[in-house]
Amino acid sequence: GAVVSQHPSWVICKSGTSVKIECRSLDFQATTMFWYRQFPKQSLMLMATSNEGSKATYEQGVEKDKFLINHASLTLSTLTVTSAHPEDSSFYICSAESGRGGGYEQYFGPGTRLTVT
Amino acid sequence: AQSVTQPDIHITVSEGASLELRCNYSYGATPYLFWYVQSPGQGLQLLLKYFSGDTLVQGIKGFEAEFKRSQSSFNLRKPSVHWSDAAEYFCAVGAKAAGNKLTFGGGTRVLVKP
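Now for the overall build of chain A. Along its length, chain A carries zero helices and 11 strands. Each helix (α) and strand (β) of chain A, taken in turn from the N terminus, gives the series β-β-β-β-β-β-β-β-β-β-β. The C-alpha radius of gyration of chain A comes to 14 Å, within 12% of the 13 Å expected for a compact globule of 117 residues. Once the C-alpha set of chain A is aligned to its principal axes, its extents read approximately 45 × 25 × 20 Å. Expressed as a percentage of its 117 residues, the buried residues of chain A come to 51%.

Below, the structure is given as structure tokens:
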């Protein structure tokens, strides 16, 4: 149980176009999802917290108009990279929070590799 | 603000030998502590977590970690490493007061020699 999927797993797009990445919790409901960005050989950096039915909360330094997040349902959050540029090329990973078992933990998706040419 | 330090960027260990990965955190109260493993090009898999209670935590794949409040540490150990343990390991800290957001350490890459 507690599986999170991401789609697509990799995408190549041209500079100036927009790309949408989906994050789904397959077997549980997640009121909160998180979006991370990971550069090669580096750690994960939290970009934003996505709450179902409300606006996302962005971390300092993350452009909210560039990285649009929508949490339309308890099992789906989307990240849209608008007007992508080569510097947006990165590995984007989402996670979904589950409160099962009395504690909480984040279950991570497999990631989406974005390459902007 | 919470922070996590993993002092070792790379560790090379022989197959069958023991492994210990260091993690030090900074947070005002008792945080939630996690260890994740990431294979190349993949997402993260949770190895184990600490919320409260017994400070020695058992995880999957034969890993364990010990929470030491006095040292602000949460080191990960495995008594006998397998070649499949070669991966990147991340320590993370979270807290309910911080909205359950996770802060990750820089990661430790483990190489396993045959």
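Glancing now at the state of the cysteines. A complete count under the given rule lists two disulfides over all chains for this structure. Sulfur-sulfur distance for the disulfide between Cys23(A) and Cys94(A) comes to 2.0 Å. Because the torsion about its S-S bond is 80°, the bridge between Cys23(A) and Cys94(A) counts as right-handed. Of the two residues, Cys23(A) sits in strand 3 (residues 19–25) while Cys94(A) sits in strand 9 (residues 90–98), which places them 71 residues apart along the sequence. Each member of the pair, Cys23(A) as well as Cys94(A), carries the same accessibility label: buried. Two residues, Cys23(B) and Cys91(B), share a disulfide whose sulfurs are 2.0 Å apart. Given an S-S torsion of about -65°, the disulfide between Cys23(B) and Cys91(B) has left-handed geometry.

This part covers the interface of chain B and chain A. Contact with chain B, which involves 21 residues of that partner, is made by 20 residues of chain A. When chain B packs against chain A, the two sides together hide about 1500 Å² of surface, and 54% of this comes from carbon and sulfur. Of the charged contacts, one joins Lys101(B) and Glu59(A) as a salt bridge, the two residues approaching to 3.0 Å between their closest N and O atoms. Among the secondary structure elements, those contributing two or more residues to the side of chain B that touches chain A are strand 5 (32–38), strand 6 (44–50), strand 10 (87–94) and strand 11 (102–104) of chain B. Of all the elements, strand 5 of chain B adds the most residues to the side of chain B that touches chain A, at four residues. Grouping the constituent residues of the side of chain B that touches chain A by class yields 10 nonpolar, nine polar and two charged.

For the rest of this paragraph, the subject is the packing of aromatic side chains. Each aromatic ring pair is summarised here by two numbers: the centre-to-centre distance and the angle between the ring planes. Counted according to the given criterion, the structure contains 15 aromatic pairs over all chains. Pairing Tyr36(A) with Phe108(A) gives two aromatic rings, centres 5.5 Å apart and planes at 40°, and the pair type is tilted. Residue Tyr36(A) is located in strand 4 (residues 32–38), and its partner Phe108(A) is located in strand 10 (residues 105–108); the two are separated by 72 residues in the primary sequence. An angle of 25° between the planes, with centres 6.1 Å apart, marks the rings of Phe34(B) and Tyr36(B) as stacked. You'll find Phe34(B) and Tyr36(B) in the same group, each marked buried. An aromatic cluster is defined as three or more aromatic residues linked by ring pairs; in this entry it consists of Tyr36(A), Phe108(A), Tyr32(B), Phe34(B), Tyr36(B), Phe51(B), Phe90(B) and Phe104(B).

All names here are of chain B. Among the seven residues that make up strand 6, five are buried, leaving the element largely enclosed by the rest of the structure. By the bridge criterion, six bridges tie strand 5 to strand 6 in an arrangement that is antiparallel. Across the sheet, the residue bridging to Gln38 is Leu44, located in strand 6. Counting the residues between successive antiparallel strands, the hairpin from strand 5 to strand 6 contains five residues, one of them, Gly41, with a positive phi of roughly 70°.

What follows concerns the pattern of salt bridges. All chains considered together, the criterion is met by nine salt bridges over all chains. Between Lys66(A) and Asp88(A) there is a salt bridge, with the nearest N and O atoms lying 2.9 Å from each other. Linking Lys66(A) in the loop between strand 6 (57–58) and strand 7 (67–73) with Asp88(A) in the loop between strand 8 (76–81) and strand 9, this pair joins segments that are 22 residues apart in sequence. Exposure class is identical for Lys66(A) and Asp88(A). Each is buried. A salt bridge links Asp8(B) to Arg22(B), with the shortest nitrogen-to-oxygen separation between them at 2.9 Å. On the criterion of sequence distance, the pair formed by Asp8(B) in the loop between strand 1 (3–5) and strand 2 (10–14) and Arg22(B) in the loop between strand 3 (19–21) and strand 4 (24–26) is long-range, its members being 14 residues apart. By relative accessible area, Arg22(B) is classed as partly exposed at 39%.

Procedures and definitions
Residues numbered from 1 in each chain as written. Chains lettered and ligands numbered in written order. Predicted model: local features only at pLDDT ≥ 70, side-chain atom pairs only at ≥ 80, totals over all residues. Heavy atoms only, no water. Helix = DSSP H or I, 4+ residues; strand = E, 2+ residues; numbered from the N terminus. Rg over C-alpha atoms; globule rule 2.2 N^0.38 Å. Buried < 20%, exposed > 50% of the residue type's maximum accessible area, 1.4 Å probe, protein only. Disulfide = S-S within 2.5 Å. Contact = heavy atoms within 4.5 Å. Buried area = accessible area lost by both parts, 1.4 Å probe. Salt bridge = Lys/Arg side-chain N within 4 Å of Asp/Glu carboxyl O. Nonpolar A, V, L, I, M, F, W, Y, C, P; charged D, E, K, R; others polar. Phe/Tyr/Trp six-rings, centres within 6.5 Å; stacked < 30°, edge-to-face > 60°. Pairing = 2+ DSSP bridges.

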